[in-house]
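Now for the letters of each chain:
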Amino acid sequence: MENKLRYSAPAACFEEALPLGNGSVGAMVYGKWDKEKLSLNHDTLWSVKPRRIARPEAYEAYKKAQKLVPEDKIEDATSLLERDFTADFGQSYLPLGNIYIEAKCGGTAEEYARELDMQKGIATVRYTQNGIRFAREYFVSHPDNCIVVHITSEKPADYVFSADSQLKSASTAFGRCLYLTGECPTSISPLYAMGTVPLTYDGEGIKFAAIGSLASDGTVTSDDTCLTVAQATEITLVICIETSYINFDVLPTKPYYYPCEARVQKMAEKSYTELRARHVADHGELYGRVQLDLGFPENHAMTDERIRAEEKSGDLGLAELLFNFGRYLIIASSREGSEATNLQGIWNEQLYAPWSSNYTVNINTEMNYWPVLMCGLAGLDLPLVELIRKISVTGANAAKDFYRARGFCAHHNVDLWGLATPVGAQRTGCLSYAYWNMSSGWLCRHLWEHYEYTLDKAFLRDTAYPIMKSAAEFYLDVMVKDGEHYIVTPSTSPENSYYHTKTSRVSLARHTAMTQGILTDLFGNISKAASVLGIDDEFVREVRKKLPTFCTYEIGSEGQLLEYDKEFAEVDVHHRHMSHLYGLYPGESITAEGTPELAEACRVTLLRRGDVSTGWSMGWRVCLWAKLGDGDHSLELVKNQLKFKAPDDGRVSFGGGTYPNLFDAHPPFQIDGNFGVCAGIALMLLQCDSGKIRILPALPSDFQNGSVHGLAAKGNVTVDITWQNGKLKSYSLLSPTAQNVTVATPHGETSIRLESNIKFTFTE
Ligand code: FUC
């Protein structure tokens, strides 16, 4: 089983360093024996403070554009919306700072080994220097909310500990403690918009403290900026982080310094063994819920070398490793009470990160959460639920201010402060991404899915349904009748464009497959939720009346699913967004069984789009091919994604790939690709749609023998599967409640009665 990342040298850069985290606190470990670097993050460290963005001209512009589009005056509608409808960009997720550990002994390291043990959630470094064995362990504990570094050596050695930050900050040392305090800027410009203009601080930004406390058998002394440890054979460094962030709608004024100091003192009283045992138990329970064995012997070669060699070696154990890494990253970056994972999860070292390392909700944030429920990690999706709850509040202002509508809406970017208004800041060409009001609908799919997987009716009644209803109220207010359809118009298909005339590239259309697909999805799920909750009021009746009118799918001249209301010339036939296939995945309105013609149109679309794309796009394609039942094509995409990507300069390009530390490359690093491929591998083995549990729906022929334990099916069912010679051998289902389920295997369909907590096993 593939549960370890292995390296024979320290990390030279971020894409080689190893990520640790407890949901909120993140650390990248470089494993440098001479001057160790740990870069730190906290998920609430963002630029700016609460704000409400409005454009008084927006509503009129929107109404005018709604008239111009059916008159085919697309260019006029575009300039009008660009000028009067777009507003400020979103805010940035910021790096906290670094801890350095300088080893003061000469000579170089030999027998160097660096590992990430994903079962334990521990990174280790071992080496020999001047004949002395050194060992270090690093973890970020969720139960004790602290970073722990443990250093041991066979003979005494000397070290210097220091810290710094790119933010306005100060680092000091006193007694046995190292202090890094600072604040976030109240103005920062996104890299893609304005470049690196100087930061401004008005003192009202989020403040932070990171305090490290050191225990050692050596002598610890401090000067103004660093801690020195002499003649130590054992050192334990415990670091706690607190910020002044309270919530999206209030100034960040929470006391942070003294709580941080108090906690670090409390943690420092605990022994290393105790901290470690509590961390391993907590992390291990979550990680151990699923075990995947793709039938390849564990490969002990260095992870970076394996990725480099993959194209020639066909080392498919890497697919298992990538799947496990996806689960590891979820556990490390998304825990109840933390913020939802952003474009880089929680790991960001750059002040001006690509796309501000914030939330892009026209695919990327949603993708982050695709594998969570399937991998038995319900509960770790709650940060996303909280993000949705947040924008259901801020998005109600956006709905009012921009559309004069009820309910709530959000556009394609979100930040810590719950940004829900369109970005773009009047830039030419911004509509392709900025003008897209469908994220509230898409995000609500996750609320419904949380219920479907957990059957938690109280969650459905008290949390999911009210938000889903509010999302639908917005659409009900803005939709217009167009022939037999109700449409949300004008619409875009995220970030894509088409040739309106031979020379004019536009993004606005009368309607798009994705917009209508999301409406079908949202309204369908509301109808199902209402049945579960026994609600049958005027709202539900209206939802059910409109639901059948949304579907506008059309098949184009080459058999492809049309992205727009007409078959326009595509600007980029290989475009990365697969928006029009939303109904196939993550939606469920298109299935090979239920809508074979549309499924075939999706297949043609996927073939036309091709395989190679950005990392996340390939992750989506892994899922889409799996949903079409084509495990081999799905695996081809995994292989494409596994191509070695050398660490780069962080600039945006295309082509995907995997960095030495297994982080997915857009490029640059973007974490959604890791989660997309993890979900895709799960979908090869288990799918749930149309009320069926599908066992081995898309097993690739390269996966001849194997097993998976602990995947989750909808209905709170835990599933184990084994296969041999490419064929299903056995499966078992376990449900805490008695229920009837329909199981579809490659051999046919059957109805099964599950008794409460009694494992049902079927062997071929
Ligand atoms: C969407 C994608 C880009 C990138 C960005 C963060 O806008 O189209 O490729 O992933 O999000």
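Scope of this entry: the structure provided in the associated data block. Starting from 1, residues in each chain are numbered consecutively following that chain's sequence as written. Only residues with pLDDT of at least 70 get local features here, since the model is predicted, and only at 80 or more are side-chain atom pairs given and counted; chain-wide, interface and lining totals rely on the full set of residues. Side-chain metrics in this entry use all non-hydrogen atoms of the structure; hydrogen atoms and water are not considered.

Side note on the overall build of the chain
Note on conventions: DSSP H or I runs of at least 4 residues are helices, E runs of at least 2 residues are strands, and numbering of each starts at the N terminus. For the chain, the helix and strand inventory stands at 19 helices and 30 strands. Seen through its principal axes, the chain has C-alpha atoms that stretch 80 × 65 × 50 Å. Only protein chains enter the accessibility calculation, which uses a 1.4 Å probe. A residue is then buried if its area is under 20% of the maximum for its type, exposed if over 50%, and partly exposed in between. Put simply, the chain has 764 residues, and 64% of those count as buried. Relative to all contacts within the chain whose residues are 6 or more apart in sequence, the contacts with residues 24 or more apart total 68%. Exposure was quantified through the Shrake-Rupley algorithm and a 1.4 Å probe, taking into account, for residues, occlusion by the shown protein chains and nothing else. Split by element, the accessible area of the chain, about 26200 Å² in all, is 50% carbon and sulfur. When charges are tallied, Lys and Arg are placed among the positive residues and Asp and Glu among the negative ones, while His and the ends of the chain are skipped. Throughout, a charge is located at the NZ atom of Lys, the CZ atom of Arg, the CG atom of Asp or the CD atom of Glu. Between the averaged position of the 73 positive side-chain charges in the chain and that of its 94 negative side-chain charges there is a distance of 3 Å. Between two residues, a contact is recorded if the distance between any of their heavy atoms is within 4.5 Å.

Here's the deal with the packing of helix α16 (residues 596-609) against helix α17 (residues 615-627)
Axis lines are fitted through C-alpha atoms, for helices just across the contact stretch, and the angle between N-to-C directions can take any value from 0 to 180 degrees. At a minimum axis separation of 11 Å, α16 and α17 run at an interaxial angle of 145 degrees. Crossing of α16 against α17: the hand is left-handed. For the pair formed by α16 and α17, the contact residues are R603, L606, L607 and R609 on the first element and R621, L624 and W625 on the second. Handedness of a crossing is defined here by the sense of rotation of the near helix relative to the far one, left-handed for an anticlockwise turn of less than a right angle and right-handed for a clockwise turn.

Things to note about the sheet that holds strand β26 (residues 717-724)
Note on pairing: two strands pair once DSSP finds at least 2 bridges between them. Spatially, five strands are ordered β15-β25-β26-β27-β30 in an open sheet, and the strand pairing comes out antiparallel. The open sheet is flanked by β15 (291-293) and β30 (760-763), the only strands paired with a single partner. Taken over all neighbouring pairs, the strand axes of this sheet differ in orientation by 20 degrees on average, direction set aside. Across four bridges, the pairing between strand β27 (residues 727-734) and β30 is antiparallel. Pairing of Y731 across the sheet is with F762, part of β30. Along the sheet, helix α19 (residues 672-685) makes contact with β15, β25 (706-713) and β26, crossing β25 at roughly 105 degrees.

Points about the site of the ligand
The nearness test applies per residue and asks whether one of its heavy atoms lies within 4 Å of the molecule or strand. Lining the immediate environment of the ligand, one finds L343, W355, T360, N364, E495, R576, H577, W616, H666 and Q670. Polar contacts here mean pairs of N or O atoms no more than 3.5 Å apart (in protein, one a potential hydrogen donor and the other a potential acceptor; neighbouring residues in sequence count only if both atoms are side-chain atoms). In this structure, Q670 approaches the ligand through a side-chain N or O atom, which is 2.9 Å from an oxygen atom. Starting from 290 Å² of accessible surface for the ligand in isolation, the protein chains cover 97%. Partitioning the shell around the ligand into residue classes produces three nonpolar, five polar and two charged. Ten residue types, Ala, Val, Leu, Ile, Met, Phe, Trp, Tyr, Cys and Pro, are classed as nonpolar, four, Asp, Glu, Lys and Arg, as charged, and the remainder, Gly among them, as polar.

Looking at the pairing of strand β12 (residues 207-216)
Of all ten residues that make up β12, nine are buried, and the element is covered over most of its length. Across seven bridges, the pairing between strand β11 (residues 177-183) and β12 is antiparallel. From the neighbouring strand, E183 faces β12, where its bridge partner is K207. Where β12 and strand β14 (residues 227-243) come together, nine bridges link them in antiparallel fashion. By the bridge assignment for β14, G212 is matched with I239.

Some details on the packing of helix α12 (residues 439-454) against helix α14 (residues 513-533)
Close contact between α12 and α14 brings their axes to 9 Å; oriented N to C, the two are set at 35 degrees. Seen along the crossing, α12 lies across α14 with a hand that is left-handed. Contacts from G441, W442, C444, R445, W448 and Y451 in α12 reach M514, I518, D521, L522, N525, K528, A529 and V532 in α14. Tallied by class, residues from the contact of α12 with α14 come to nine nonpolar, two polar and three charged.

Some details on the packing of aromatic side chains
Any two rings among Phe, Tyr and Trp, with Trp reduced to its six-membered ring, count as a pair given centres within 6.5 Å; such a pair is stacked if its planes are under 30 degrees apart, edge-to-face if over 60, and tilted if neither. With the rule as written, the count across this model stands at 35 aromatic pairs. Where F85 meets F402, the ring centres are 5.3 Å apart and the plane angle is 80 degrees; that geometry is what we call edge-to-face. Highlighted residues: F85 in the loop between α2 (74-84) and β5 (97-103) and F402 in helix α10 (residues 382-403), separated in sequence by 317 residues. Residue F85 shares its accessibility class with F402, and that shared class is buried. Centroid distance F139 to Y272: 6.0 Å. Interplanar angle 40 degrees. Geometry classified as tilted. Here F139 is found in strand β8 (residues 132-141), whereas its partner Y272 is found in helix α5 (residues 272-287), with 133 residues between them in sequence. As far as burial versus exposure is concerned, F139 and Y272 are alike and both buried. An aromatic cluster of three or more residues is present, and its members are Y62, F85, F402, Y403, Y435, F474 and Y475. Either the NZ atom of lysine or the CZ atom of arginine qualifies as a charge over a ring when it sits within 6 Å of the ring centre and within 35 degrees of the ring normal. Note that K35 overlies the ring of Y100, its terminal NZ or CZ placed 4.9 Å from the centroid. Above the plane of the ring of F539 lies K469, whose end atom (NZ or CZ) is 5.2 Å from the centre.

As for the nonpolar core
Counting 244 residues, the largest nonpolar core has F161, Y403, F523, W620, I695 and W723 as the members making the most contacts within it. Ranked by residues supplied to this core, first place goes to helix α13 (residues 457-478) with twelve residues. Take the buried Ala, Val, Leu, Ile, Met, Phe, Trp, Tyr and Cys residues and link them wherever side-chain atoms come within 4.5 Å; each set so joined is a nonpolar core.

Overview of unusual backbone geometry
For the bond running from T489 to P490, omega is -10 degrees, close enough to zero to count as cis. With respect to the secondary-structure elements, P490 resides in the loop between β19 (485-487) and β20 (498-499). Here the phi dihedral of N145 falls at roughly 45 degrees; this positive angle occurs in a residue that is not glycine. With respect to the helices and strands, N145 occurs in the loop between β8 and β9 (146-164). On the basis of relative accessible area, N145 is assigned to the partly exposed category, the value being 28%.

Here's the deal with α10
Note: α-helices contain 3.6 residues per turn, so residues at a spacing of three or four share the same orientation. The end-to-end C-alpha distance of α10 is 29 Å, a good match for the 32 Å that 22 residues give at a rise of 1.5 Å each. Think of it this way: the bend at a residue is just the angle between two axes, each fitted to seven residues, one set ending at that residue and the other starting at it. The largest bend in α10 amounts to roughly 35 degrees and is located at T394. One or two residues past the end of α10 sits R404, with phi positive at roughly 50 degrees. What a helix should span is 1.5 Å times the count of its residues minus one.

Description of the pattern of salt bridges
The term salt bridge refers to a pairing of a side-chain nitrogen on Lys or Arg with a carboxyl oxygen on Asp or Glu at a separation within 4 Å. Within this structure, the stated rule accounts for 50 salt bridges. Of the charged contacts, one joins D482 and R510 as a salt bridge, the two residues approaching to 2.6 Å between their closest N and O atoms. Of this pair, D482 sits in strand β18 (residues 480-482) while R510 sits in the loop between β21 (505-506) and α14; the two residues are 28 residues apart in sequence, bridging distant segments of the chain. Across the pair E749 and K692 runs a salt bridge, and its minimum N-O distance is 3.1 Å. Residue E749 is located in strand β29 (residues 748-754), and its partner K692 is located in strand β24 (residues 692-695); the two are separated by 57 residues in the primary sequence. Of the residues examined, E749 reaches a relative accessible area of 47% and is grouped as partly exposed. Three or more residues are tied together by salt bridges with common partners; here these are R445, E449, E452, D521, E588 and K714.

Section: the side chain of S732
Position of S732 among the secondary structure elements: in strand β27. Judged by its relative accessible area of 7%, S732 falls in the buried class. In contact with S732, not counting residues within four places along its chain, are T718, V719, D720, K759, F760 and T761.

Considering the environment of Q560
Relative to the elements of secondary structure, Q560 occurs in the loop between α15 (538-546) and β22 (569-570). Taking relative accessible area as the criterion, Q560 reaches 5% and is therefore assigned buried. The sequence separation of Q560 and A599 amounts to 39 residues, and the corresponding C-alpha distance is 9.8 Å. If we ignore the near neighbours within four places in the chain, the residues touching Q560 are E554, I555, E567, A601, V604, T605 and R608.

A few points about α14
Helix length check: α14, at 21 residues, gives a terminal C-alpha distance of 30 Å against a target of 30 Å (1.5 Å per residue), a fit within 8%. Within α14, 17 of the 21 residues are buried, which leaves the element mostly enclosed by the surrounding structure. Looking one or two places after α14, you find G534, whose phi comes out positive at around 65 degrees.

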